[in-house]
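So the chains spell out like this:
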Amino acid sequence: MASEIHMTGPMCLIENTNGRLMANPEALKILSAITQPMVVVAIVGLYRTGKSYLMNKLAGKKKGFSLGSTVQSHTKGIWMWCVPHPKKPGHILVLLDTEGLGDVEKGDNQNDSWIFALAVLLSSTFVYNSMGTINQQAMDQLYYVTELTHRIRSKSSPDENENEVEDSADFVSFFPDFVWTLRDFSLDLEADGQPLTPDEYLTYSLKLKKGTSQKDETFNLPRLCIRKFFPKKKCFVFDRPVHRRKLAQLEKLQDEELDPEFVQQVADFCSYIFSNSKTKTLSGGIQVNGPRLESLVLTYVNAISSGDLPCMENAVLALAQIENSAAVQKAIAHYEQQMGQKVQLPTESLQELLDLHRDSEREAIEVFIRSSFKDVDHLFQKELAAQLDKKRDDFCKQNQEASSDRCSGLLQVIFSPLEEEVKAGIYSKPGGYRLFVQKLQDLKKKYYEEPRKGTQAEEILQTYLKSKESMTDAILQTDQTLTEKEKEIEVERVKAESAQASAKMLQEMQRKNEQMMEQKERSYQEHLKQLTEKMENDRVQLLKEQERTLALKLQEQERLLQEGFQKESRIMKNEIQDLQTKMRRRKACTIS
């Protein structure tokens, strides 16, 4: 059942206190209760550029995120507001408002780079907010993007031959879409006398400058990084909403009091975000919900606090450890529920119990497969298999005990009158033995006719009869109507009958062992079958992700060639060839 969201306003998710980043337990608790998939929109920019106003609009509120009206930065750390998604039923829109970059009060801006990196890592849409036009000053202020390869690792152990700073393939696959919002934009959108759309203006602004000087490289570096890391880009321009003196009352003003162009631009921006922002996903198409976002926040913040670089692979593996462990328990709980509903002990035969186990086991494996991901070396599935085997053995033991108890009870009820008659001496007379044998046969028939005795029926009966052999022999020997020869024949008959019963029990035991071995093989094959299907689905999913990345890289290489940047195009070509090699290997790894 979907969890309800009751956040009346934003809450600090990641605190920035005295230069130290810490996750807020209260905010994490809210995330842990949200089971729906999440669309995560983060906004970053210099302080006092109106970021919070846009986020409040996305939340559908006039107030919420703090709008500072002075040169002080009001937002510290990263603040979170979870609201139902207005366009995607069953989804949650998570808004992340970050503290203003470059706040003069902070002095040390070391954490600005971490705030920027965390916003990229946690979001599915990344909004960069700035004032005025996209000029060199604006690009210089976006130098944080050039530090991303020094702030983030995609893998815990990069390949020896892989230069992660140069190869952006891994980054592209998990980086969010990029939206640049330009506030108080007063210029006409045109280039070389031709009108431009905001998106065309962004593309024009990201063109590289030919040359090899330090100045040229400084000019090109942030542009190259944006082009490589964020293939999907969007731009919005906003007029000034009101006169400068009224900006302090912006959240109190009605739309009718604002510039109509600005109101429409904000509406267009919100509409785009609602309609185009993707659900946050991890490698393999894993959709992020509240507990998963909580885990990502903790993993990244703890890495930064301990002096390490946040690592996507480690974050996903840490999340997988938590979820796969829970998936094992969920699968076992499902198995126990199904067996509890279906099994009535004792079962008539071992095969009946094993058939019920097999059906419940198959469903339990399906539950695990649906709930698990990144099960490295299949350790958790092996743990599930071991637990299911133990559950099966426990049920078999309980089945035996239930059968033994029922059969012992039946024997007591059916045969106790006979024992009383023996004690009373009814059969200690001439012709008594034949009467006793006839009565014994009648009682055995009655015992066999009783339903649901279970797997121990014959063994319990034969054990009982064996315990009464001395009593039977005493009645035989005292029966004076029988000759010695007849008594000898009767003794041999009883021995043969007992031997036949023992042979039958041995055969039954062998048959049970064979059934258990067959069931173990079926269990193995069921695990293998479902694992194979999951691995194939994961392989296809990863190939799709790599194909999307490849298509974006090919487009960027084509643009670089058209712009005449041969060196950058060759670097991109090398990345493309490396990605294509990985894809060929993955395509060749079909599972037989």
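Residues numbered from 1 in each chain as written. Predicted model: local features only at pLDDT ≥ 70, side-chain atom pairs only at ≥ 80, totals over all residues. Heavy atoms only, no water.

Here strand 3 (residues 38-45) lies mainly inside the structure; 8 of its 8 residues are buried. Bridge analysis of strand 3 against strand 5 (residues 92-98) gives 6 bridges, and the strand direction is parallel. Pairing of Val39 across the sheet is with Leu93, part of strand 5. Pairing of strand 3 with strand 6 (residues 125-131), which is carried by 5 bridges, proceeds in the parallel orientation. Residue pairing for strand 6: Ile43 is matched across the bridge by Val127. (Buried < 20%, exposed > 50% of the residue type's maximum accessible area, 1.4 Å probe, protein only. Helix = DSSP H or I, 4+ residues; strand = E, 2+ residues; numbered from the N terminus. Pairing = 2+ DSSP bridges.)

On to the domain arrangement of the protein. With domains assigned, the protein is organised as domain 1 (9-152 + 167-309) and domain 2 (328-534). Between the C-alpha centres of domain 1 and domain 2 the distance comes to 68 Å. (Domains from an automatic or database assignment.)

Now for the pairing of strand 1 (residues 11-17). Where strand 1 lies against strand 4 (residues 78-84), 3 bridges are found, and the strand directions are antiparallel. Counterpart to Cys12 in the pairing with strand 4 is Trp79. One ladder, built from 4 bridges, connects strand 1 with strand 2 (residues 20-23); its direction is antiparallel. Within strand 2, the residue paired with Glu15 across the bridge is Met22. Where strand 1 folds back onto strand 2 in an antiparallel hairpin, the turn is made up of 2 residues, including Asn18, whose phi is positive at roughly 50 degrees.

Between its terminal C-alpha atoms helix 8 (residues 214-229) stretches 22 Å, which fits the 22 Å expected from 16 residues at 1.5 Å a residue. Asn220 marks where helix 8 bends most, by close to 30 degrees; the proline Pro222 follows one to four residues later. Along helix 8, the residues that are buried comprise Asp216, Phe219, Asn220, Pro222, Arg223, Leu224, Cys225, Ile226, Arg227, Lys228 and Phe229. (Expected span 1.5 Å × (residues − 1). Bend = angle between axes of the 7 residues up to and from the residue.)

Now for the packing of helix 13 (residues 379-423) against helix 15 (residues 457-467). In a pair of packed helices, the angle between the axes and the distance between the axes together describe the arrangement. Relative to each other, helix 13 and helix 15 sit at 40 degrees, their axes nearing to 9 Å. Judged by the angle between their axes, helix 13 and helix 15 are oblique. Like other packed secondary-structure pairs, helix 13 and helix 15 cross with a definite hand, here right-handed. Judged by residue contacts, Ser403, Ser404, Cys407, Ser408, Leu411, Phe415 and Glu419 of helix 13 engage Ala457, Ile460, Leu461 and Tyr464 from helix 15. Considering only residue class, the contact of helix 13 with helix 15 consists of 7 nonpolar, 3 polar and 1 charged. (Axes fitted to C-alpha atoms, helices over the stretch in contact; angles between N-to-C directions. Parallel < 35°, antiparallel > 145°, perpendicular 65-115°, else oblique. Left-handed = near helix turned anticlockwise from the far one by under 90°. Contact = heavy atoms within 4.5 Å. Nonpolar A, V, L, I, M, F, W, Y, C, P; charged D, E, K, R; others polar.)

Across the sheet, which stays open at both edges, the 8 strands sit in the order 2-1-4-5-3-6-7-10 with mixed pairing between neighbours. Lying at the two open borders of the sheet, with one neighbouring strand each, are strand 2 and strand 10 (233-237). Shown here is a sheet whose adjacent strand axes are inclined to one another by a mean of 20 degrees, direction ignored. Sheet topology places strand 6 next to strand 7 (residues 177-183); 7 bridges connect them, and they run parallel. Considered in strand 7, the bridge of Met131 is made with Arg183.

Another aspect to go through is the packing of aromatic side chains. Applying the stated criterion to the full structure yields 22 aromatic pairs. Taking the centre distance of 5.7 Å and the plane angle of 35 degrees together, the rings of Tyr53 and Phe262 count as tilted. In this pair, Tyr53 sits in helix 2 (residues 51-58) while Phe262 sits in helix 9 (residues 260-276), placing the two residues 209 residues apart along the sequence. Neither residue differs from the other here; Tyr53 and Phe262 are each classed as buried. A network of ring pairs unites the aromatic residues Phe116, Phe126, Tyr128, Tyr143, Tyr144, Phe174, Phe175, Phe178, Trp180, Phe229 and Phe230 as a single cluster. The ring of Phe238 has Arg183 sitting right over it, with the charged end atom 5.4 Å from the ring centre. Here Arg223 stacks its cationic end above the ring of Phe219, 3.6 Å away from the centre of that ring. (Phe/Tyr/Trp six-rings, centres within 6.5 Å; stacked < 30°, edge-to-face > 60°. Lys NZ or Arg CZ within 6 Å of the ring centre and 35° of its normal.)

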